[in-house]
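# Secondary and tertiary structure notes
Chain by chain, the residues:
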Amino acid sequence: MGFRLGIVGLPNVGKSTLFNALTETQAAQAANYPFCTIEPNVGQVAVPDDRLDKIAAIAKSAKVIATQLGFVDIAGLVKGASKGEGLGNQFLGNIREVDAIVHVLRCFEDDDIQHVANKVDPLADAEVVETELMLADLESLEKRVPAAAKRATSGDKEAKVMASVLGQALELLREGKAARLTEPKDEEEARVFKQAQLLTAKPVLYVCNVAEEDAGVGNELSAKVFEKAAAEGAEAVVVSAAIEAELVGMPLEDRGEFLEALGLTESGLARVIRAGYKLLGLKTFFTAGPKEARAWTFPDGAKAPQAAGEIHSDFERGFIRAETIAFDDYIALGGESGAREAGKLRQEGKEYVVQDGDVMLFKFNV
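Note that this is a predicted model, so its numbers are computed, not measured. (Residues numbered from 1 in each chain as written. Predicted model: local features only at pLDDT ≥ 70, side-chain atom pairs only at ≥ 80, totals over all residues. Heavy atoms only, no water.)

## What about helix α5 (residues 157-174)?
- Compared with the 26 Å implied by 1.5 Å per residue over 18 residues, the 25 Å span of α5 between its first and last C-alpha is a close match.
- By the burial criterion, the buried members of α5 are Ala159, Val161, Met162, Ala163, Val165, Leu166, Gly167, Ala169, Leu170, Leu172 and Leu173.
- Looking at the buried side of α5, the elements it contacts are α4 (122-152) and α6 (187-195).
- Phi for glycine 176, located one or two positions after α5, is positive at around 80°. (Helix = DSSP H or I, 4+ residues; strand = E, 2+ residues; numbered from the N terminus. Expected span 1.5 Å × (residues − 1). Buried < 20%, exposed > 50% of the residue type's maximum accessible area, 1.4 Å probe, protein only. Contact = heavy atoms within 4.5 Å.)

Shown next, in the form of structure tokens:
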């Protein structure tokens, strides 16, 4: 299953610089003028996880393959996007295709970098983007909800569900609140709500782009963003896009020392990935053998057949059982044979809920 996070924000907040650093490419043209990103750039990012290296060392794997997240650098948005201003229509269309929104907010002062509003105010910037997304959703639902309510009166069950759950979302939007606060009452409403693809229903990660000296603990501007995120049930991280850009040009062996000199224990990439995983409710399981050790992403709460399907649809369709070892047991007992001898290798069936860190071997028959 591929997960994609769309990087959004006003022009010149550091979106493309962050994208370049995250994906270690120069695919996005980072330039000091609005709309330098015309087409969304997509980059796959390996998810750092030291558990994978430990598993590979024990399994003596020839290859080590990390799981990945996709980042999409989306063109900068301006006020009026919901009415087609700037690159509005394209921007809104691109957001519909991502699983979550990474909202980059400028939390640094720099007279050499133009701000479209001529002032640095991350909360005001966030409001511009949020307002445009809400207006787009509002316009959509003000057409769809009455139509669904009309069909519901004639006995259309699907329309009745739609009128109920999307009606709730419409009321929230009219109150100036995001559609993600909607509370579907059952699985059917949850399905219909998800299919509606509302822009403000997507989970949000706020990335506070700060100056180098504030990369450790942030500043007054980023503190305001964290308060906002906490109030919304969203996630927030502090990142210095300038530092991440410097890291890209360094040999891997020098990066740790560079971060340590700045008082940092990890890169911005690691923080963004971890926050993105938490936001999307993602976990990791592993497969290991002489040929390769590999990490796989799965949604929290997935059962064994679903996890098997992340590898191949045949594995899910013909699932028989999963030989499973908890990560701590795999490491402590020296791998599969040690875990088997100690009785820590479990035979799990179709109802097993996969745990983060499980090392698994699937048995299937198609």
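After that view, the rundown keeps rolling.
## What about the nonpolar core?
- By size, the foremost hydrophobic cluster in this structure holds 53 residues, and its most contacted members are Leu69, Phe71, Leu205, Tyr206, Val207 and Ile273.
- Val161, Ala163, Leu166 and Ala179 belong to the second largest nonpolar core, which has 19 residues in total. (Core = buried A, V, L, I, M, F, W, Y, C linked by side-chain atoms within 4.5 Å.)

## Regarding the side chain of aspartate 358
- Along the polypeptide, aspartate 358 turns up in the loop between β11 (346-348) and β12 (359-364).
- In this structure, aspartate 358 is buried with no salt-bridge partner, the nearest side chain bearing the opposite charge being arginine 346 at 4.3 Å.
- Only 3.0 Å separates the side chain of aspartate 358 from the backbone nitrogen of glutamine 355, close enough to count as a polar contact.
- Apart from residues no more than four positions distant in its own chain, aspartate 358 is found in contact with Thr284, Phe285, Phe286, Thr324, Ile325, Ala326, Arg346 and Tyr352. (Lys, Arg positive; Asp, Glu negative; His and termini not counted. Salt bridge = Lys/Arg side-chain N within 4 Å of Asp/Glu carboxyl O. Polar contact = N/O pair within 3.5 Å; in protein donor to acceptor, adjacent residues only side chain to side chain.)

## Focus: the packing of aromatic side chains
- Counted by the stated rule, this structure contains 5 aromatic pairs.
- A centroid spacing of 6.4 Å and a plane angle of 15° characterise the contact between phenylalanine 285 and tryptophan 296, whose relative ring orientation is stacked. Of this pair, phenylalanine 285 sits in strand β8 (residues 282-288) while tryptophan 296 sits in strand β9 (residues 292-299), and the two are 11 residues apart along the sequence. Both residues of the pair, phenylalanine 285 and tryptophan 296, count as buried. (Phe/Tyr/Trp six-rings, centres within 6.5 Å; stacked < 30°, edge-to-face > 60°.)

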